[in-house]
Structures are given as C-alpha cells and as structure tokens.
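As a plain string of letters, each chain reads:
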Amino acid sequence: KKTPAPPFTTSTLQQEASRKLSFNARRTMKAAQELYEGVEIPDMGAVGIITYMRTDSLRISDEAKAAAAQMIESTYGKEYLPSKPRVFKSKNNAQDAHEAIRPTIITLTPEKVKSALSGDQYKLYKLIWDRFIASQMKNAELDVLSADIACGDYIFKSSEYVVSFKGYMLAYDDSDDETQPKNKLPELSEGDKLTKESLESKQNFTDPPAHYTEGSLIKFLEEKGIGRPSTYAQTITTIVSRGYVKRDKKALVSTPLGEATVALMKKNFPEIVDYKFTANVETDLDKIARGEETMTEVLSDFYDDLSKTLEKAQESIKDN
C-alpha cells in the first residue's frame, strides 16, 4: 500500500514546484502570493483561492476535510474515500498558526478557474488543488513481485510492481521515474532453472555530490532548521544576487567570491556559520514567545558574544 503525501507546506511546495514545474522559489512564491491575495473569478469578484502560503503546519480544518470528502465522492466515487479523514502530524518545531497550503473553496477546481488565472497561477493552483485532494483519498495498492535468483555463491535480485488500485494516484501522480522498476519480469515459479542470456562487466566510479538545486537546497535548509518558510526564497535570491552562487540550468553552483566568503566566515565567525546557529536563534525566539526569557536577555547574550567576535575578526583581517 502506498500512502498519499500530505498537503503542502511552504518548503514542500517550493520543492515540488521546482521538481514538477521547473519553477524557482521566487517564481513559486510570487504566484502563491497572487493566489492568496485574490484573483478575479467570474461572478464572484476578487477571491483568495488558497490559504496562507507561508506555513510549516500540516493541520487541516474539519470543514476543509468534509468538503474534500464530498468532492472525492462526487468525482471518483465512495470507494476512493478512506474510512476516516486523514490527519498529518506536523514537525515538533512547526508554528501552527496557519493551516497547510490548500484551496480555500474546494469546488473551484483548476479547470473552473483556468480562464481567470495566468499560466503560472494555473500551474501552481492545480499542483496545490491536486495534492490536497489526493491527501484525503485512499491509499494506492500495488502488486509487487520480487525474485531472488541464486547463481553459485551469489544472489541476484529483481522486482516489478503493478498498480492494482490507483487510489489517490487518480488525483495526483507523485511517482519518481528513478524509483520505477526498469525491467518487466517474465512468468516465474519457485525452483525455475534460468538460462544466462548475457554477462556484462562494468566499472563504476563514485561521483562527487551533485550541486544543489533550489528544491534540494530548500529541503536541506528545512532539515537543518535553518530559516523559516518565509525566508527560503529570499535566502536563495540573496546568495544569487550577491554573486555567491550562479545558476547553471537547475543547479546552484558556487562562485570564487562565494567560496572566499565562506572561507572568511568559517575562519572568523564559526559560531554564526554553524548549521545550528539559526535553529538555536529560533529556539530562543520561541522561549521569548513562551515567556521563558525576555527579548533583552536574548539580545544581550547575542550582542556580547558578537561584539567580541567582531573585534577579533577585524584585527585578524587587518593583519592579513
């Protein structure tokens, strides 16, 4: 059984828009902002057709779940509804003020509003609408066949699968071509004697890690707790506009200026360029929000350390 992905958060929307639509983060957030602020829908006027697009919560209102269930039943049939609405658990550090990104009016299907939207708006709205509907549908069911083939002291493995019940995949195709079995297995029974058709010897070399794309960089930032949903797109825009990285098709490639800047920062400000720095700042901000620390205490501790580090750095850079 294959479970549908949850509705979008800011980071997963940016990652999926990069993967499926080749949108960079800024382009994604521009279209999302327009969909949220309102588009002119015939006979309705200006309507915001998605919920707030800066969120890391997976919470969905009961009203939205009920509306999705009605849409699924009327479009695909009752057999595509799970026995009870799905609930997705947000990450522990998620700020739960806003719901996940979803359509505000489920009955406004992408095709109904297509004429009112620009090309980018339509593509992104369809992505959001399809993903949300799929998240409330039944699992897909796959018939999987795996074969272990003994050859002397070695075991060769192969597998294939067939989709026996599409479930949520009727609404949203989240398959990755790289994970699909490449070969279709013939009819096999346990104990069959197989004949070798060919034997190929290949030498493989380990490739260096691939450059980040915008999608994979955003995923990394989220995993490390660096920044918040509202800052991912601006972070990428900043490092590109300052010349620290350049775009090479989908890849983000470091420049000599970027490498020199990182080396300088690592040498003089190791605490600030540590992956845990912004995550720790977020923790401190949460403590202020809960009343466990005051703003003055947090800022004083930060400034005292920073001012000493700056003095040392200025002397070091001056000497060099």
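Summary of the structure given here. (Residues numbered from 1 in each chain as written. Predicted model: local features only at pLDDT ≥ 70, side-chain atom pairs only at ≥ 80, totals over all residues. Heavy atoms only, no water.)

1. Topic: the nonpolar core
Among the nonpolar cores identified, the biggest contains 52 residues, and Leu13, Ile49, Ile50, Leu117, Leu124, Tyr125 and Ile133 are the most heavily contacted of them. Those elements giving two or more residues to this core turn out to be helix 1 (10–21), helix 2 (25–37), strand 1 (39–41), helix 3 (62–75), helix 5 (119–135), helix 6 (214–224) and helix 7 (232–241). (Core = buried A, V, L, I, M, F, W, Y, C linked by side-chain atoms within 4.5 Å. Buried < 20%, exposed > 50% of the residue type's maximum accessible area, 1.4 Å probe, protein only. Helix = DSSP H or I, 4+ residues; strand = E, 2+ residues; numbered from the N terminus.)

2. Concerning the pattern of salt bridges
In the structure shown here, the tally under the stated rule is nine salt bridges. Note that Glu16 is salt-bridged to Arg19, the shortest N-O span being 3.0 Å. Here Glu16 pairs with Arg19, and both are found in helix 1, just three residues apart, close to one helical turn. Residue class for Glu16 comes out buried when judged on its relative accessible area of 9%. Close ionic contact of Arg27 with Asp120 constitutes a salt bridge, the shortest N to O distance being 2.8 Å. Separated by 93 residues along the polypeptide, Arg27 in helix 2 and Asp120 in helix 5 bring together distant segments of the chain. (Salt bridge = Lys/Arg side-chain N within 4 Å of Asp/Glu carboxyl O.)

3. Re the environment of Ile133
The residue Ile133 is located in helix 5 in this model. It is 9.8 Å that separates the C-alpha atoms of Ile133 and Pro6, two residues lying 127 residues apart in sequence. Once residues within four sequence positions are removed from consideration, Ile133 is found in contact with Ala68, Met71, Ile72, Tyr76, Ile106 and Ala171. (Contact = heavy atoms within 4.5 Å.)

4. Let's talk about the packing of aromatic side chains
Tallied over the full model, the rule gives six aromatic pairs. A centroid spacing of 5.6 Å and a plane angle of 45° characterise the contact between Tyr212 and Phe220, whose relative ring orientation is tilted. A relative accessible area of 16% places Phe220 in the buried class. Ring plane angle 40° and centroid distance 6.1 Å describe the contact between Phe277 and Phe302, whose orientation is recorded as tilted. Of this pair, Phe277 sits in helix 9 (residues 276–289) while Phe302 sits in helix 10 (residues 295–319), and the two are 25 residues apart along the sequence. Owing to a relative accessible area of 21%, Phe277 belongs among the partly exposed residues under this scheme. Judged by relative accessible area, Phe302 falls into the partly exposed class, the value being 37%. An aromatic cluster is present here, built from Tyr76, Tyr80 and Phe165 joined pairwise through their rings. Sitting above the plane of the Tyr172 ring, Lys20 keeps its charged end 4.3 Å from the centroid. Taking the ring centre of Tyr122 as reference, the NZ or CZ of Lys114 above it sits at 4.8 Å. (Phe/Tyr/Trp six-rings, centres within 6.5 Å; stacked < 30°, edge-to-face > 60°. Lys NZ or Arg CZ within 6 Å of the ring centre and 35° of its normal.)

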